[in-house]
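Descriptive structure summary
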Amino acid sequence: MAQALKVSATEFARKFTTFRERVQSEGVIEITAHDRTIGGFLSAAELSHYHDMVRREREVIRVSDMDDETMALIMNSEYGKVSE
């Protein structure tokens, strides 16, 4: 992936209309303050991609937190057999 364009917060605020157009071709613009990234400005396509990734995140469940019914289903499952 190409390096994101980095812009200071001051420059971003002063030239927002320029960056609003430029983000469409850049995809992502990093906003910095005092040489630290403080946020980002995403194109519509990148924002959609972000939402897709968030939707696909998996929830982590500890075995110790699992209810007995779920644990029994896992313990009685067979590899390669479709559940009923």
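In case you missed it, the structure is sitting above this.
The following refers to the structure shown. (Residues numbered from 1 in each chain as written. Predicted model: local features only at pLDDT ≥ 70, side-chain atom pairs only at ≥ 80, totals over all residues. Heavy atoms only, no water.)

**What about the sheet that holds strand 2 (residues 28-33)?**
To keep things clear, this is the line we draw: In this analysis, strands are considered paired if DSSP registers two or more bridges between them. Secondary structure elements are taken from DSSP: a helix is a run of H or I of four residues or more, a strand is a run of E of two residues or more, and numbering for both begins at the N terminus. Lines are fitted to the C-alpha atoms to define the axes, a helix being fitted only along its stretch in contact, and any angle between axes, read from their N-to-C directions, falls within 0 to 180 degrees.
If you trace the 3 strands from one edge of the open sheet to the other, you get 1-2-3, paired in mixed fashion. Looking at strand neighbours, the two that pair on one side only are strand 1 (5-8) and strand 3 (36-42), the edges of this open sheet. When the angles between neighbouring strand axes are averaged without regard to direction, this sheet yields 35°. For strand 2 and strand 3, the ladder comprises 6 bridges, and the chain directions are antiparallel. Considered in strand 3, the bridge of Val 28 is made with Leu 42.

**Digging into helix 4 (residues 68-75)**
Short version of the rule: Throughout, exposure labels follow a simple rule: accessible area from a 1.4 Å probe, protein chains only, divided by the maximum for the residue type, with under 20% read as buried, over 50% as exposed, and the rest as partly exposed. For the purposes of these results, a polar contact is taken to be a pair of N or O atoms within 3.5 Å, where, inside protein, one atom must be able to donate a hydrogen and its partner to accept one; residues adjacent in sequence count only when each atom of the pair is a side-chain atom.
Along helix 4, only 0 of the 8 residues are buried, which leaves the element largely exposed. Where helix 4 starts, the residue carrying a side-chain oxygen 3.1 Å from the main-chain nitrogen of Glu 69 turns out to be Asp 67.

**Comments concerning unusual backbone geometry**
Although it is not a glycine, His 34 adopts a positive phi angle of roughly 55°. Looking at the secondary structure, you find His 34 in the loop between strand 2 and strand 3.

**Let's talk about the nonpolar core**
For soluble globular proteins, nonpolar side chains are generally found buried alongside one another. Basically, it comes down to this: For the purposes of this section, nonpolar cores are sets of buried Ala, Val, Leu, Ile, Met, Phe, Trp, Tyr and Cys residues that join through side-chain atoms within 4.5 Å.
If you look at the biggest cluster of nonpolar residues, it comprises 8 residues: Leu 5, Val 7, Phe 12, Phe 19, Val 23, Ile 29, Ile 31 and Phe 41. For this core, the secondary-structure elements that each account for two or more residues are strand 1, helix 2 (16-26) and strand 2.

**Comments concerning the packing of aromatic side chains**
Short version of the rule: When two rings of Phe, Tyr or Trp (its six-membered ring) have centres within 6.5 Å they constitute a pair, described as stacked for plane angles under 30 degrees, edge-to-face for angles over 60, and tilted for the intermediate range.
Per the counting criterion, the structure on display carries 4 aromatic pairs. Seen in terms of ring centroids, Phe 12 and Phe 19 are 5.9 Å apart; in terms of plane orientation they differ by 25°. Their pairing is stacked. In this structure Phe 12 comes out as buried when scored by relative accessible area, which is 15%. Here a set of aromatic residues connected by ring pairs shows up, and it is made of Phe 12, Phe 16, Phe 19 and Phe 41.

**Side note on a nonpolar patch on the surface**
Worth spelling out the cut-off: Residues enter a patch when their relative accessible area is above 30% and they make no salt bridge; the linking distance is 9 Å between like charges and 5 Å between nonpolar side chains (Val, Leu, Ile, Met, Phe, Trp, Tyr). Throughout, the Shrake-Rupley method with a 1.4 Å probe supplies accessible areas, and for residues the shown protein chains are the sole cover considered. The rule for a salt bridge is simple: a side-chain nitrogen of Lys or Arg has to be within 4 Å of a carboxyl oxygen of Asp or Glu.
On the surface, Leu 42, Leu 47, Tyr 50, Met 53 and Val 54 cluster together into a nonpolar patch covering about 430 Å² of accessible area. Among the secondary structure elements, Leu 42 is positioned in strand 3. Classification of Leu 42 by relative accessible area gives partly exposed; the value is 34%.

**Here we look at the pairing of strand 2**
By the criterion of burial, strand 2 is predominantly enclosed, with 5 of the 6 residues buried. Strand direction decides the pairing type here: strand 1 and strand 2, joined by 4 bridges, are parallel. Looking across to strand 2, one finds that Lys 6 is bridged to Glu 30. Counted along the chain from strand 2 to the antiparallel partner strand 3, the turn is 2 residues long, and its residue His 34 has a positive phi close to 55°.

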